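Results of the structural survey
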Amino acid sequence: MISINGLKKVYHLVKEEITAVDDISLQINEGDIFGVIGYSGAGKSTFVRLLNRLEEPTAGSISMQGKEMTTLSNKELRVARQDIGMIFQHFNLLWSRTTAENIAFPLEVAKMPKNERKKRVQELIDLVGLNGREHAYPSQLSGGQKQRVGIARALANNPKVLLCDEATSALDPDTTNAILDLLLDINKKLGLTIILITHEMHVIRKICNRVAVMEAGSVIEQGDVMEVFTNPKHDVTKKFVDQVVSEADDDESMDYIMNLENKGKIVRVHFIGDAANEAVISDVAKKFSVTINILQGKLTQTISGVLGTLTIQLQGEKEAINEAITFIENTTEEVEVIRDEL
Amino acid sequence: MNFDLASIDWVKIWEATIETFYMTLISVAATFILGILLGLLLYLTDKNGLWQNKIINFITATFVNVFRAIPFIILILLLFPFTDFIVGTIRGPKAALPALIIGGAPFYARLVEIALKEVDKGVVEAAQSMGASLQRIIFKVLLPESMPALISGITVTAIALIGYTAMAGAIGAGGLGNYAYYAGFQRRAWDIVLVCTVIIVFIVFIFQVIGDLTAKRIDKR
């Protein structure tokens, strides 16, 4: 378990002070894939660097597996860092070393004997699926392969925690998915706790079970991924959630529909898991005298279940519509009225 | 002017060539080591460096700048007492070495510093995140990752040093410069000057080719 309390980082510049990370407190459980999302400049990159003290915290405490990181001496910190793997947006491989030699680097740092090193490197190459590329130099590898080397290197000393600093941001969508699958796979296989920061909600949706949203150095919202997806509270969170659960720019189409003769209410319904399989809409149509227009629907798979979103237009008598909405509210997770022109 | 290659004393030319090689190789080797040490010191103690230290940085930078600014011919003269103390004489190829090394190392140190600055900061950060000590970062990251630039740099420096050996020769250090000046120029024996020049140019070519091939071979980017 990782527990972070009142973590703060202030940069002292010549004329001003910049608070990059402002009083963050988080609990991360063992085996979690914990996502931190935010726009660029939100302080998430600084935050992840504070965890292994690549940046020195100004205040606060970080306890990893009961070990307080902020008070370690330089020598103790070097040893502690061997238990914390890290992967980077730009991979940061040594171009002068082959795949196998890059993976061997942290083992050399940990002073593992040569013959054991060779065996361990082979295991890691098998784990990340780089067989046949052992003797290639980074310049001969694709972006996805480079990140696989990065992951193998980060896992070499059997860390308990893996920090991912925008690990998929430089990759194309297909490669991103392949790398995310690999991270999910090692999380399950090795019981590794993963803390990843990203600006892509897709990454959170695909592999995280918990998420924190950062803005201006602070965590503005956090919780289970399903909870945050179905019930985002903060505006920034809503924007991020909209990226994956509904099509962006659908405002115009809503306006178009409302400008037609037939007014009514447009509501967005969120379902979780089994509710997505229940025939809520046909029940509503049977029970209430309303007409239902289905405008848009989407199912989003997260690791904790399926999240469904359905945008419908309800037409009819005001009371009937309101009763229908109450009925939907009781059956599903969340109902949001997005246009009301009765 | 008449050229008569048959009258040239080839044994003397050969001895002078060996002396030039001797001075060049030893001074290049020493400059390589001393230059890397100074360059590392400049890089590491710089602002936001891995071993930030204003005082050491200032002292190193001053040393490098001062010795790089002194014209080589004057540097040799200034170093006469030092050379006499270290080598025991101020004549011959050995006596040229202190001046060659002290003239070459600061020049190379700046090239080393530039080469080290080109090393990706992210790679250094990655090594730190694995718990690597400063010593390991130097020997396993900084030097291997900057090696092609270090080799190109020492090639440029070696060629400058070959030029310096000729200059040192003119005031008594031996080698092809010495032979061209005393046996050639002062006796109006232009054929000797020509032969010495051709050999020096050839030596420069050899160093350039070896340097280029080595740098290319180890560059896996």
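Residues numbered from 1 in each chain as written. Chains lettered and ligands numbered in written order. Predicted model: local features only at pLDDT ≥ 70, side-chain atom pairs only at ≥ 80, totals over all residues.

As for the overall build of chain B
Just so we agree on the cut-off: Secondary structure follows DSSP: runs of H or I at least 4 residues long count as helices, runs of E at least 2 residues long count as strands, and numbering of each begins at the N terminus. With C-beta atoms placed from the backbone, a residue is labelled by how many other C-beta atoms lie within 10 Å of its own: buried for 20 or more, exposed for 12 or fewer, partly exposed between the two.
Broken down by element type, chain B carries nine helices and zero strands. The order of α-helices and β-strands along chain B, N terminus first, is α-α-α-α-α-α-α-α-α. Considered along the principal axes of its C-alpha atoms, chain B spans approximately 70 × 40 × 25 Å. Of all 221 residues assigned to chain B, the portion counted as buried reaches 40%.

Some thoughts on the overall build of chain A
What counts here: We call two residues in contact if the C-beta atoms placed from their backbones are at most 7 Å apart.
Broken down by element type, chain A carries 12 helices and 14 strands. When its C-alpha atoms are laid out on the principal axes, chain A stretches across 80 × 50 × 35 Å. Counting the 342 residues in chain A, one finds 41% classified as buried. Of all intrachain contacts in chain A linking residues separated by at least 6 positions in sequence, the fraction that spans at least 24 positions is 71%.

Digging into the sheet that holds strand S1 (residues 2–12) of chain A
Residue and element names in this part refer to chain A. The test is simple: Following DSSP output, two strands are said to pair if at least two bridges run between them. Lines are fitted to the C-alpha atoms to define the axes, a helix being fitted only along its stretch in contact, and any angle between axes, read from their N-to-C directions, falls within 0 to 180 degrees.
On the basis of which strands lie adjacent, the open sheet formed by four strands has the order S2-S1-S4-S5 and antiparallel pairing. Both edges of this open sheet fall to strand S2 (17–28) and strand S5 (67–68), since each of them pairs with a single strand only. Looking at chain direction, S1 and strand S4 (residues 59–64) are connected through five bridges and run antiparallel. Paired with Ser3 across the bridge in S4 is Ser63. Against the sheet, helix H1 (residues 44–51) contacts S1, S2 and S4, and its axis sits at roughly 60° relative to S2.

Remarks on the interface of chain B and chain A
In many analyses, interface size is given as the accessible surface area lost on bringing the parts together. Formally: Lys, Arg, Asp and Glu make up the charged group, whereas Ala, Val, Leu, Ile, Met, Phe, Trp, Tyr, Cys and Pro make up the nonpolar group; the residues left over, Gly among them, are polar.
Across the boundary between the two partners, chain B contributes 19 residues, which contact 19 residues of chain A. Counting only elements with at least two residues in the side of chain B that touches chain A, the list comes to helix H6 (121–129) and helix H7 (134–173) of chain B. Looking at side-chain class alone, the side of chain B that touches chain A contains seven nonpolar, five polar and seven charged residues.

Some remarks on the sheet that holds strand S14 (residues 334–341) of chain A
The pairing of strands in a sheet comes from backbone hydrogen bonds and takes either a parallel or an antiparallel form. Residue and element names in this part refer to chain A. Strand order in the open sheet made by the four strands is S12-S13-S11-S14, with antiparallel pairing throughout. Looking at which strands have only one partner, the edges of the open sheet turn out to be strand S12 (290–302) and S14. Going from strand to strand, the sheet's axes swing by 15° on average, the running direction of each strand aside.

Considering the nonpolar core
To keep it simple, the criterion reads: A set of buried Ala, Val, Leu, Ile, Met, Phe, Trp, Tyr and Cys residues, joined to one another through C-beta atoms within 7 Å, is what we call a nonpolar core.
Within the largest apolar cluster, 135 residues are counted, with the highest numbers of intra-cluster contacts made by A:Ile103, A:Ala152, A:Leu163, A:Cys164, A:Ile194, A:Ile195 and B:Leu100. If we ignore the near neighbours within four places in the chain, the residues touching A:Ala152 are A:Ile103, A:Leu124, A:Ile125, A:Leu127, A:Val128 and A:Leu130. Judged by nonpolar contacts, the second largest core, of 13 residues, contains A:Phe288, A:Val290, A:Leu310 and A:Ile321.

Considering unusual backbone geometry
Residue A:Arg53 is not a glycine yet carries a positive backbone phi of 60°. If you trace the backbone, A:Arg53 turns up in the loop between H1 and S4. Here the phi dihedral of B:Arg188 falls at roughly 55°; this positive angle occurs in a residue that is not glycine.

Here's the deal with the pairing of S1(A)
All names here are of chain A. Both S1 and S2 contribute to a ladder of eight bridges, which runs antiparallel. If you follow Ser3 over to S2, its bridge partner there is Gln27. Here S1 hands over to S2 after four residues, the two strands then running antiparallel side by side.

Considerations on the pairing of strand S6 (residues 84–88) of chain A
Residues and elements named next belong to chain A. In terms of burial, S6 is a largely internal element, five of the five residues being buried. Going residue by residue along S6, you find Ile84, Met86 and Phe88 tucked away on one face and Gly85 and Ile87 tucked away on the opposite face as well. Across five bridges, the pairing between S6 and strand S7 (residues 161–165) is parallel. Bridge pairing links Ile87 to Cys164 in S7.

Quick look at the packing of helix H5 (residues 143–155) of chain A against helix H6 (residues 173–190) of chain A
Residues and elements named next belong to chain A. Which entries qualify depends on this criterion: Just so you know how the angles are binned, under 35 degrees is roughly parallel, over 145 roughly antiparallel, 65 to 115 roughly perpendicular, and the rest oblique. Each crossing gets its handedness from the near helix: less than a right angle anticlockwise from the far helix is left-handed, clockwise is right-handed.
Put simply, H5 and H6 touch, their axes get as near as 10 Å, and they point 20° apart. Classified by the angle their axes make, H5 and H6 are roughly parallel. Crossing angle aside, the handedness with which H5 passes H6 is right-handed. Residues Gly143, Gly144, Gln147, Arg148, Ile151 and Leu155 of H5 form the contact with H6, whose own contacting residues are Thr175, Ala178, Ile179, Leu182 and Ile186. Counted by class, the contact of H5 with H6 contains six nonpolar, four polar and one charged residues.

Considering H6(B)
Of the residues making up H6(B), those classed as buried are B:Val123, B:Ala126, B:Ala127, B:Gln128 and B:Ser129. Those residues of H6(B) that are buried are in contact with helix H2 (74–81) and S6 of chain A together with H7 of chain B. Note on H6(B): the residue one or two positions beyond its end, B:Gly131, has a positive phi of about 90°.

Let's talk about the environment of A:Ile4
All names here are of chain A. As for its position among the elements, Ile4 is in strand S1. Separated by 314 residues in the primary sequence, Ile4 and Lys318 have C-alpha atoms spaced 50 Å apart. Residues in contact with Ile4, not counting those within four places in the same chain, are Ile24, Ser25, Leu26 and Ile62.

A closer look at the confidence of the model for chain B
The condition that has to hold: Confidence of the predictor at the level of single residues is given by pLDDT, which spans 0 to 100.
Within chain B, residue pLDDT values average 93, and 99% of them lie at 70 or more. Here the prediction assigns the complex a pTM of 0.88, and the interface score ipTM is 0.89.

A word on the environment of B:Leu5
Residue and element names in this part refer to chain B. Relative to the helices and strands, Leu5 resides in the segment before helix H1 (10–45). The exposure class assigned to Leu5 is exposed, which follows from the 10 C-beta atoms found within 10 Å. The spatial distance from the C-alpha of Leu5 to the C-alpha of Tyr108 is 38 Å, given a sequence separation of 103 residues.

Describing the environment of A:Gln65
Residues and elements named next belong to chain A. Within the fold, Gln65 resides in the loop between S4 and S5. C-beta crowding within 10 Å serves as the criterion here: with 12 such atoms nearby, Gln65 is assigned to the exposed category. Expressed as a C-alpha distance, the spacing of Gln65 and Glu30, which sit 35 residues apart in the sequence, is 8.9 Å.

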